[in-house]
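Close look at the chain arrangement
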Protein chains: 2
Amino acid sequence: MAITMKDVAEKAGVSIKTVSRVVNNQGEISAETRQRIEAIIAELGYRPNLVARSLITQRTLTIGLIVVDITNPFFAEVARGVQDVARQNGYNVLLCNIDDNLHEQQKALESLAAHSVDGIILFPLEYYDDRLLSFVNQYRPVVLINHLLQHPNVAVVLLDGAHGVQQAVNHLLERGHQEIAMLAGPKPITGRGQRLQGYQTALQGQGLADSANRVIFSIPTQAQGYEQSKQLLSQHPHITAIIAYNDLLAFGVIQACRELNIVIPDQCAIVGFDDIYFSNLVHPALSTVRVNKYEVGQQAMTRLLTMINDPKLTISPIKLGVELIVRESS
Amino acid sequence: MAITMKDVAEKAGVSIKTVSRVVNNQGEISAETRQRIEAIIAELGYRPNLVARSLITQRTLTIGLIVVDITNPFFAEVARGVQDVARQNGYNVLLCNIDDNLHEQQKALESLAAHSVDGIILFPLEYYDDRLLSFVNQYRPVVLINHLLQHPNVAVVLLDGAHGVQQAVNHLLERGHQEIAMLAGPKPITGRGQRLQGYQTALQGQGLADSANRVIFSIPTQAQGYEQSKQLLSQHPHITAIIAYNDLLAFGVIQACRELNIVIPDQCAIVGFDDIYFSNLVHPALSTVRVNKYEVGQQAMTRLLTMINDPKLTISPIKLGVELIVRESS
DNA sequence: TTGAAAGCGCTAACAG
DNA sequence: CTGTTAGCGCTTTCAA
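Residues numbered from 1 in each chain as written. Chains lettered and ligands numbered in written order. Predicted model: local features only at pLDDT ≥ 70, side-chain atom pairs only at ≥ 80, totals over all residues. Heavy atoms only, no water.

**A look at the overall build of chain A**
Stated formally: A run of H or I in DSSP becomes a helix once it reaches four residues, and a run of E becomes a strand once it reaches two; helices and strands are each numbered from the N terminus. We compute the radius of gyration from the C-alpha atoms alone; for a globule the expected value is 2.2 Å times N to the 0.38, where N is the number of residues. Relative accessibility decides the category of a residue: with a 1.4 Å probe and only protein chains considered, values under 20% of the type maximum give buried, values over 50% give exposed, and everything between is partly exposed. Every residue pair with non-hydrogen atoms within 4.5 Å of one another is taken to be in contact. Accessibility throughout is a Shrake-Rupley quantity obtained with a 1.4 Å probe, and a residue counts as covered only by protein chains that appear here.
Helix and strand counts for chain A stand at 12 helices and 12 strands. Taking 330 residues into account, the globule formula puts the C-alpha radius of gyration at 20 Å, and chain A, at 25 Å, lies well above it. Each of the three principal axes of chain A carries a C-alpha extent, and together these read 85 × 40 × 30 Å. Counting across all 330 residues of chain A, residues that qualify as buried make up 57%. Partitioning the contacts of chain A with sequence separation of at least 6, the portion at a separation of at least 24 is 68%. A total accessible area of about 13,800 Å² is found for chain A, and carbon and sulfur atoms account for 50% of it.

**Digging into the interface of chain B and chain A**
In plain terms, the rule: When two parts are brought into contact, each loses some accessible area as probed by a 1.4 Å sphere; the total of that loss over both is the buried area. Basic side-chain nitrogens of Lys or Arg form a salt bridge, by our definition, when they fall within 4 Å of a carboxyl oxygen of Asp or Glu.
With 51 residues of chain B at the contact, the number on the chain A side is 52 residues. Of the roughly 4,400 Å² buried at the junction of chain B and chain A (both faces included), carbon and sulfur atoms supply 52%. Area buried by chain B at its contact with chain A is led by Arg 47, Arg 80 and Leu 281 of chain B, which between them contribute 16% of it. Inspection of the chain B/chain A interface yields eight salt bridges.

**Topic: the domain arrangement of chain A**
Defined as follows: Segmentation into domains, and thus their bounds, comes from an automatic or database assignment.
Domains assigned within chain A are domain 1 (5-48), domain 2 (61-158 + 293-322) and domain 3 (161-290). The centre of domain 1 of chain A, based on its C-alpha atoms, is set 38 Å off from the matching centre of domain 2 of chain A.

**Details of the protein's contact with DNA strand D**
This is how it is decided: Working definition: residue near molecule or strand if any one of its non-hydrogen atoms lies within 4 Å of it. In protein, a polar contact means a hydrogen-donor-capable atom and an acceptor-capable atom, both N or O and within 3.5 Å, with residues adjacent in sequence counting only if both atoms are side-chain atoms; elsewhere, any N or O pair within 3.5 Å suffices.
In the neighbourhood of DNA strand D, 25 residues make up the surrounding shell, with Met 5, Lys 17, Tyr 46 and Ile 56 of chain A together with Thr 18 of chain B lying closest. Atoms of DNA strand D within 4 Å of the protein: sugar and phosphate make up 58%, bases the balance. In the model, a phosphate oxygen of DNA strand D is placed 2.4 Å from a nitrogen or oxygen of the Thr 18 of chain B side chain. Between Thr 33 of chain B and DNA strand D, the recorded distance is 2.7 Å, taken from a side-chain N or O atom to a phosphate oxygen.

**Structural notes on the relation of the copies chain B and chain A**
For clarity, the threshold we go by: Copy-to-copy superposition: least squares on the C-alpha atoms, limited to residues that have pLDDT of at least 70 in both copies.
In the superposition of chain B on chain A (RMSD 0.1 Å, axial shift 0.0 Å), the rotation amounts to 180°. When the rotation and shift are considered jointly, the pair of chain copies conforms to a two-fold rotation axis. Mapped onto chain A, 100% of the interface residues of chain B are again interface residues, and the two copies thus contact each other with one and the same surface.

**Topic: the protein's contact with DNA strand C**
The environment of DNA strand C is made up of 25 residues, and the closest members are Thr 18 of chain A together with Met 5, Tyr 46, Arg 53 and Ile 56 of chain B. Restricting the count to atoms of DNA strand C within 4 Å of the protein gives a sugar and phosphate share of 60%. One nitrogen or oxygen atom from the main chain of Ser 15 of chain A is found 2.9 Å from a phosphate oxygen belonging to DNA strand C. A distance of 2.7 Å is found between a phosphate oxygen of DNA strand C and a side-chain nitrogen or oxygen belonging to Arg 53 of chain B.

**What about a nonpolar patch on the surface?**
Counted only if it meets this: Patch criteria: residues need more than 30% relative accessible area and no salt bridge. Like-charged residues are merged within 9 Å; nonpolar side chains of Val, Leu, Ile, Met, Phe, Trp and Tyr are merged within 5 Å.
Judged by side-chain polarity, Leu 55 and Ile 56 of chain A together with Leu 55 and Ile 56 of chain B come together as a nonpolar surface patch covering roughly 400 Å² of accessible area. Within the residue set of the nonpolar patch, elements represented by two or more residues are α4 (50-57) of chain A together with α4 (50-57) of chain B. Along the chain, Ile 56 of chain A falls in helix α4. For Ile 56 of chain A, a relative accessible area of 70% corresponds to the exposed category.

**Thoughts on the pairing of strand β10 (residues 287-291) of chain B**
Residues and elements named next belong to chain B. The criterion, for reference: Whether two strands pair comes down to DSSP finding at least two bridges between them.
By the criterion of burial, β10 is predominantly enclosed, with four of the five residues buried. Pairing geometry for strand β9 (residues 269-274) and β10, over four bridges, is parallel. Bridge pairing in β10 places Gly 272 opposite Thr 288. Note that β10 and strand β12 (residues 322-325) share four bridges and pair antiparallel. In the sheet register, Val 289 faces β12, and the bridge partner there is Leu 324.

**Topic: the sheet that holds strand β3 (residues 120-122) of chain A**
Put simply, the test is: An axis is simply a line fitted to the C-alpha atoms; with a helix, the fit covers only the stretch in contact. Between two such axes, the angle follows the N-to-C directions and lies from 0 to 180 degrees.
Read from one edge of the open sheet, 12 strands run β11(A)-β5(A)-β4(A)-β3(A)-β1(A)-β2(A)-β2(B)-β1(B)-β3(B)-β4(B)-β5(B)-β11(B), paired in mixed fashion. Of all the strands in the sheet, just β11 (318-320) of chain A together with β11 (318-320) of chain B have a single pairing partner and so form its edges. Direction aside, the axes of adjacent strands within the sheet are offset by 20° on average. Sheet topology note: the β3 of chain A/strand β4 (residues 142-145) of chain A ladder contains three bridges and is parallel. Residue pairing across strands places Leu 122 of chain A opposite Leu 144 of chain A, the latter belonging to β4 of chain A.

**Describing the sheet that holds strand β7 (residues 215-217) of chain B**
All names here are of chain B. Overall, mixed pairing links the six strands, which are arranged β7-β6-β8-β9-β10-β12 in an open sheet. Edge positions in the sheet fall to β7 and β12, since each has one partner strand and no second. Averaged over all pairs of adjacent strands, the angle between strand axes in this sheet comes to 15°, irrespective of strand direction. Across three bridges, strand β8 (residues 241-244) lies against β9 in parallel orientation. Paired with Ile 242 across the strands is Ile 270, a residue of β9. Packed onto the sheet, helix α11 (residues 247-260) meets β6 (180-185), β8, β9 and β10 and runs at close to 155° relative to β9.

**Things to note about the pattern of salt bridges**
Considering all chains together, one arrives at 30 salt bridges over all chains under this definition. Where Asp 275 of chain B meets Arg 327 of chain B, a salt bridge forms, and the shortest distance between an N and an O atom there is 3.0 Å. Remark: Arg 327 of chain B occurs in the segment after β12 and Asp 275 of chain B occurs in the loop between β9 and β10; sequence separation between them is 52 residues. Given a relative accessible area of 9%, Asp 275 of chain B falls into the buried group. Put simply, Lys 312 of chain B and Asp 310 of chain B hold a salt bridge, and the shortest N to O gap is 3.7 Å. One salt-bridge network, held together by shared partners, links Asp 69, Asp 99, Glu 104 and Lys 107 of chain A together with Arg 80, Asp 84 and Arg 87 of chain B.

**Considerations on the nonpolar core**
We count it as follows: In this text, buried Ala, Val, Leu, Ile, Met, Phe, Trp, Tyr and Cys residues form a nonpolar core when linked through side-chain atoms within 4.5 Å.
Counting residues in each nonpolar core, the largest one holds 158 residues, and the members touching the most others are Ile 121 and Met 301 of chain A together with Ile 121 and Met 301 of chain B. For Ile 121 of chain A, the residues in contact, after removing those within four places along its chain, are Ile 63, Gly 64, Leu 65, Ile 66, Val 82, Val 143, Ile 145, Ala 300, Met 301 and Leu 304 of chain A. Membership of the second largest hydrophobic core comes to 48 residues, among which are Leu 132 and Leu 144 of chain A together with Leu 94 and Val 156 of chain B.

Rendered as structure tokens:
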């Protein structure tokens, strides 16, 4: 059994409340008593039990962060941004991976709420889910990244995916590409998703009809990028450029091109999305749309703290800019 | 205010304990009552308050994981292994980054203990720290990764760093390299560290004296790998091979070679350590010592669970094997 | 400047 | 099969 406040109080010959006062730095105590108790605390190695405290204060000093997969450097950087500002503010973070699984997303939300985290940051799967809405109706606060939801209990941090992909497509068009395919990532149950929208808008702007067969949905992993693009490039050799939903997919495209002896960027240009750390190290170095991942995390956590500290505040969405980075693959 | 057990009990016209029984699936209850209460729980959206439960059961169903930096794919994969096993067993994980900061390591340990996590997995910095020992004297259980500490409160998961680097050096020797430098990572305050030891052992085995100036200590990041190897290769042009403490450092070496127009592997061979996901994607593809990172995480969490469930158990260290992967850089 | 008592939401032991 | 009582370790009134 760990040392409790009672142990300290008994040893010091004072009441429990007096110990509580020194632990919490509430003045109203004589310097002499304070020092004596501090000495005993150090001697006994007493550590306040935060779960007992939480039960009263209704605060755990813990927040939850839900991402698809921490192994994807994109999420790792976002997580780092979240954690750094959390730590600076005395918060710890519970991290959950949900992969491509809506059910796990829901379970993670419930589990975090049951643990009484003071708030949740969710990078949701792109599938539509009304359970998210009903969750948010009875839990607060949550910050959603890359997903717009107007609700008093939620704040939103957006990435300008549409604009990013538009830039990428325009860049490819300028280089003379006409047949530009897109590996569009997970297929939303409803709507199109920002990035796909950017792709289609840009093509339409040039009077180029977007034919559906040039858009392929898949889980955004390197393995899928490899599989899908290999098939795509074999079946449609006239394709000269591929835009990927994220860099991992793009890495898969590079791999496929290498195997098919397709020269990058001459025979096939590639543009990714995210600009993860390693995009600059692969060969050829990947052109991509840069997202300031660390800042996304910081912004999300900052907003969450604001909502925690002022329960009735409504926070308007913020949209973070993105930037096309042209390297060797396009 | 959230819905409590009392609310449910009142609405159902039963005692609090009865509600507790259905929540915890303790039999001894009539099917009729159970269903009625379950309906009310669903209707009210009641969620058990785990912090209240923890106060009694002395279990939070939460563990702490402390790593240097989740942004390093090595740690991300380990973390994934930990988290998957944790989740399968109903546990959540609090993740802390400590960078290269012993003070943060200590703070993280204290903070996790204060939050009453059921156990801690620590990937410690390689510096010697007697505070770790005194922490472990009064907290249990902890699992240490890549650090041997004999203590009843700790279990240990080791990587065979010495053997891995030995393999790497021998491989380079077989290819005719005589001047092999090592970017040895963080300098331990005491001892040499496993990987450096492997380096020196292998060289001595060949009668090659290890001259100290071929060993360079630094934080194991790409930036440091770049800086240190650039200087090293400029000052000692006779060096024909470099072993790096981890893949990130090795990426920096690749970068430096590219800038100095040194051809890899002809003029300078490079071997890394970890085999992070991207080592196979950089150019030239990196030869490295593979660690099964996911398994490291799984093993660590499994051991932690064992210790949590049987408080008096002592667990003997496990050493996981490593494997030299020869690619293009050597 | 200090203490006593109540209670956060739940479980555990024991009755009924 | 169900209820009552006590109390986990702490903070928060309110008194002294």
